[in-house]
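# Summary of structural features
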Amino acid sequence: MSTTTFGVGDAMAVKLWSKEVAEAERDTSDVARLMGEDDDSIIQVKSDFSKNAGDQITYALRARLSGKGFTEGQKAQGNAEGLTFYSQALLINELGQTVGVRNKGATIDAQRIPFNLREQGKNGLVQWWKDRKSVSFFNHVCGNTVSNTESATSGSVFTGLNTVLAHTSGRRLWAGTATTDQGLTSSDVFTVALIDKAKELAMQGNNMIRPITIGGQPKYVVYLDIAQVTSLRTTTTTGGWLDITKAAMAGMEATKSPIYTGALGEWNGCILRSSQDISLGVDSTSSSTAVANTRRAVLLGAQAAVCGYGNSNSYGPMKYRWSEELFDHERELELGAWSIWGLKKTQFNSVDFGALTISTYALRQS
């Protein structure tokens, strides 16, 4: 009897593991649930890179028509309104991480433990990619310009390889009477009233944030920091956490959407979710200075961000490349997970297209 096996470094094994990395990251990543190629997705995946060469694409938005129109006795010919387009560029570059382990069957280290180091390395790289995509996305939609500074915990590899743009006028809201993040006080915590205000602001004017459609109904998604969730849960006034829970139970049929998976509840057409990657506030006098004990929750609509993947035969349809290298007479094994990608918040005519920040005081428990 013969058994089919795929050893370390086998060409088929590399492709299979590349597929496993992509599937695990897609199925478990919170951010991956927001991605799609249609313009009703919160993160729209641009397919242009898979069709053409280049490391940058420029995409356009057509502004709404603002003319009055014509009626009886008015001349239309020669008075047509011109179309207005705004554009933005998205960059992609390579990004990856490697893990070094002892090779199974060649070292005593692998003999001493009851688990597979190669498998653990793969799981660690999947988690790394999930974390990196999440922090990149929230740095952008929260307008966390502090993350543009190159350091051990910030810089281009934490920003989807694109520069983070500051949140814009008409797309920012503060708790209480504050008008800056540094102006927030300990009483300016997150409440449901802020969700109502954010939705009202999002739906105003020619540049209103377009909601996504779930079950035929328009919805926004609001992400809160874990400390903001605590503030929301501990509010005892009418219209607090109990009412949010009731609203969530009333809409059980709609929760079949993956965007509802893990949701805190729903309030006023806004699906509430939490993430530890919600950024700190940013000092209004210095784009590179964070404001302690504050967080920027964010309301998201369609096309709040765009993402792109490079075209490479070695990466395959899953957008990842798995690599394995043996060293020191096959005693050391180095594993890698790679992609050519980029992510950026959409901003046209100096206005955030699909994201609105809600800044509050938020002190995390230590």
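Up top is the structure these notes are about.
To keep things clear, this report deals only with the structure shown in the data block. These numbers were taken from a predicted model, which means no experiment stands behind them.

## Section: the packing of aromatic side chains
- Here the structure, examined in full by the defined rule, presents seven aromatic pairs.
- On the numbers, 5.4 Å between centres and 90° between planes, the contact of W128 with W129 is edge-to-face. Considered together, W128 and W129 belong to a single accessibility category, that of buried residues.
- Relative to W341, the ring of W129 has its centre 6.1 Å away and its plane inclined at 70°; by these criteria the two rings are edge-to-face. Within this pair, whereas W129 is found in helix α4 (residues 117-141), its partner W341 is found in strand β15 (residues 332-345), the two being separated by 212 residues in sequence. As far as the burial class goes, W129 and W341 line up, both buried.
- Through pairs of rings, three or more aromatic residues link up here, namely W128, W129, Y320 and W341.
- Here R132 stacks its cationic end above the ring of F158, 4.1 Å away from the centre of that ring.
- The positively charged end of K133 is found above the aromatic ring belonging to W341, 5.8 Å away from the centroid.

## Overview of the side chain of S275
- One can find S275 in the loop between β10 (270-274) and β11 (280-282).
- Residue classification places S275 among the buried residues on the basis of a relative accessible area of 9%.
- For S275, the side chain forms a polar contact with the main-chain nitrogen of D277, separated by 3.1 Å.
- Non-local contacts of S275, meaning those with residues more than four positions away in its chain, are made with S134, F138, Y223, L224, D225 and I226.

Basis of the calculations
- Residues numbered from 1 in each chain as written.
- Predicted model: local features only at pLDDT ≥ 70, side-chain atom pairs only at ≥ 80, totals over all residues.
- Heavy atoms only, no water.
- Phe/Tyr/Trp six-rings, centres within 6.5 Å; stacked < 30°, edge-to-face > 60°.
- Buried < 20%, exposed > 50% of the residue type's maximum accessible area, 1.4 Å probe, protein only.
- Helix = DSSP H or I, 4+ residues; strand = E, 2+ residues; numbered from the N terminus.
- Lys NZ or Arg CZ within 6 Å of the ring centre and 35° of its normal.
- Polar contact = N/O pair within 3.5 Å; in protein donor to acceptor, adjacent residues only side chain to side chain.
- Contact = heavy atoms within 4.5 Å.

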